[in-house]
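One-letter residues, chain by chain:
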Amino acid sequence: MKFMSKTRRLAFAAVAGAVAIGATVAVAQSPAFFRIGTGGTAGTYYPVGGLIANVISGTNGGVPGLVATAVASNGSVANINAINGGSSESGFSQSDVAYWAHTGTGLFEGKGKVEDLRVIATLYPETIHLVARKDANIKSVADLKGKRVSLDEPGSGTLVDSRIVLAAFGLTEKDVKAEYLKPGPAGDRLRDGALDAYFFVGGYPTGAISELATSSGISLVPITGPEIDKMLGQYQFFAKDTVPANTYKDVPETQTISVNAQWLTSAKQPDDLVYNIVKTLYNEKSRAALDAGHAKGKLVTLKNATSGLGIPLHPGAEKFYKEQGVLK
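Presented here is an overview of the structure given in this document. (Residues numbered from 1 in each chain as written. Predicted model: local features only at pLDDT ≥ 70, side-chain atom pairs only at ≥ 80, totals over all residues. Heavy atoms only, no water.)

### What to know about the side chain of Asn260
Item 1. One can find Asn260 in strand S10 (residues 254–266).
Item 2. Judged by its relative accessible area of 18%, Asn260 falls in the buried class.
Item 3. Those residues within four positions of Asn260 in sequence are excluded, and the remaining contacts are Ser93, Gln94, Ser95, Thr122, Tyr124, Pro125, Glu126, Ser307 and Gly308. (Helix = DSSP H or I, 4+ residues; strand = E, 2+ residues; numbered from the N terminus. Buried < 20%, exposed > 50% of the residue type's maximum accessible area, 1.4 Å probe, protein only. Contact = heavy atoms within 4.5 Å.)

### Things to note about the pattern of salt bridges
Item 1. Per the counting criterion, the structure on display carries 11 salt bridges.
Item 2. Of the charged contacts in the structure, one is a salt bridge between Asp229 and Lys240, with a shortest N-O distance of 3.2 Å. Here Asp229 is found in helix H8 (residues 226–234), whereas its partner Lys240 is found in strand S9 (residues 239–243), with 11 residues between them in sequence.
Item 3. Its relative accessible area of 40% is what places Asp229 among the partly exposed residues.
Item 4. Through salt bridges with shared partners, one network takes in Arg133, Asp135, Arg148 and Asp196. (Salt bridge = Lys/Arg side-chain N within 4 Å of Asp/Glu carboxyl O.)

### Some words on the side chain of Ser286
Item 1. Within the element layout of this structure, Ser286 appears in helix H10 (residues 284–293).
Item 2. With relative accessibility at 2%, the residue Ser286 sits in the buried group.
Item 3. Other than its neighbours up to four places away in sequence, Ser286 contacts Val55, Thr280 and Leu281.

### Section: unusual backbone geometry
Item 1. Residue Asn246 is not a glycine yet carries a positive backbone phi of 65°.
Item 2. Judged by its relative accessible area of 58%, Asn246 is exposed.
Item 3. Even without being a glycine, Asp250 presents a positive backbone phi close to 65°.
Item 4. Structurally, the position occupied by Asp250 is in the loop between S9 and S10.
Item 5. Its relative accessible area of 52% is what places Asp250 among the exposed residues.

And the structure:
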């Protein structure tokens with residue numbers, strides 16, 4: 001009986017050990033979810049976010065155990081708030097909005113500093129589009145006075161920048177018939193003749209504008225002149241930009257301005273995780289997928305990764321960029 005008892009004890013110990021090992025393996029292999037807040041589905045953030053999520057996910061040969069997903073959102077401000085509140089691991093933002101959030105100035109005046117906000121990578125320049133109906137007779141920003149203009153929805157970086165551009169020409173929202181629509185609905189209203197113009201900040205070409213140009217025809221209004229030169233001196237996160245001819249059907253080369261699109265996260269995200277994410281983002285396999293997936297994917301390069309940062313890099317990303325020699 002003693003022998004049987006000992007055997008049983010050994011058997012129970014073996015089973016318990018196996019269960020414990022199994023539990024440990026299960027924990028070790030449990031997926032790490034990494035959401036990427038993007039923007040509206042008609043803009044540029046969403047498809048680029050989808051590309052990045054795809055290349056860094058472990059199921060596609062990316063970071064082992066990582067499950068990344070692109071999440072549609074209201075854009076820069078909403079993404080920063082989600083990161084700060086812990087409801088998203090990361091998100092895209094315009095560089096100007098990121099700077100205001102981190103310093104508690106501008107759009108975030110009186111709302112406190114988002115001190116834990118960190119940059120994973122600068123992705124590409126974001127062009128400020130001022131799209132108008134061909135027959136609206138809008139040749140410059142000054143011509144928007146009295147017109148029906150969508151400035152984008154509350155919480156978006158586009159709304160912030162459209163206000164700055166209007167102010168450069170001595171205009172406010174009260175000087176236009178302002179609406180606050182995402183680019184998709186704004187394009188629909190423009191096509192239907194219910195809107196004269198709308199602002200959109202994003203990398204060109206953007207799908208919604210391309211479709212509108214092809215189906216109805218548009219004019220792209222220049223954002224240039226001495227008013228803009230003065231504004232650039234005041235807001236140094238803006239830069240001069242040019243939309244090449246025929247980027248959109250029958251639209252000539254257009255002078256405008258841009259900000260940077262950045263991928264942000266929290267300082268609370270593990271250094272090793274962020275390091276492995278950026279290491280995967282810039283490998284050869286990812287390079288091929290980004291080049292093939294979207295026009296702006298071609299600009300997601302190591303060369304652009306540390307340009308115009310404005311706020312600190314995440315330590316994991318900083319380590320990788322130093323190793324690659326793109327950051328001293």
